[in-house]
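Survey of secondary and tertiary structure
Read off the chains here:
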Amino acid sequence: MLRPRMQWLHVFFSVYSFDELALIDPGSTQSYVSSYFALRFCGQPELLNDPFLVATPVVESLLTEYVYRACQIRVDGRDTLADLIVLDMIDFDMLMGMDWLSSCYAIVDCHAKIFKFEIPNEPSFILRGS
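Quick summary incoming for the structure in this document. In every chain, residue numbers begin from 1 and rise along the written sequence. Where local features are concerned, this predicted model is filtered to residues with pLDDT of at least 70; where side-chain atom pairs are given and counted, the filter is 80 or more; whole-chain, interface and lining totals use all residues. Note that water and hydrogens are dropped before the side-chain values are worked out from all heavy atoms of the structure.

Below, the discussion takes up the environment of Ala70. Labels follow the DSSP assignment, with helices taken as runs of H or I lasting at least four residues and strands as runs of E lasting at least two, numbered in each case from the N terminus. Turning to its location among the elements, Ala70 is positioned in strand β5 (residues 61-75). Here's how the labels work: a residue is buried when its accessible area is under 20% of the maximum for its type, exposed when over 50%, partly exposed in between, all with a 1.4 Å probe on protein chains only. The exposure class of Ala70 is partly exposed, given its relative accessible area of 42%. Considered as a pair, Ala70 and Ser102 are 32 residues apart in the sequence and their alpha carbons are 15 Å apart. Here a residue-residue contact requires only that any non-hydrogen atoms of the pair lie within 4.5 Å. Among all residues touching Ala70, those that are not within four sequence positions of it are Tyr16, Leu81, Ala82 and Asp83.

Dropping the structure here:
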């Protein structure tokens, strides 16, 4: 579920060498890519085993049916991987949720509005929200 009150970090990432505007939202359990931005990806998405509805603050609910597996996401010069579920959204190219944050060993400090990434065998780094 996407929650507008938790949307507090907009950042540019590189996905398959394409720069895009992403929202990091710890209130979202999954990570998503807009159907428009996903047109740039090579390869085809997989059909989800269990399609589901996503509630958004803009429209009632959107059905998700497809996922791009193990997408290379570059953040602060480091490569990470994420499964990106295709969603018909227009405000952002990607929305990165808790699935990606946890895979990056991110620590969320809500008071300071920072994400500290402690990826094993990598120097830690911090992204700051507004």
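There's more to say after this.
Right, let's get into the pattern of salt bridges. By definition, a salt bridge exists where a carboxyl oxygen of Asp or Glu is found within 4 Å of a side-chain nitrogen of Lys or Arg. Considering all chains together, one arrives at five salt bridges under this definition. Where Arg69 meets Glu46, a salt bridge forms, and the shortest distance between an N and an O atom there is 3.3 Å. Here Glu46 lies in strand β4 (residues 46-55) and Arg69 lies in strand β5, a separation of 23 residues in the sequence. Residue classification places Arg69 among the partly exposed residues on the basis of a relative accessible area of 39%. A salt bridge links Asp79 to Arg74; its shortest N-O distance comes to 3.1 Å.

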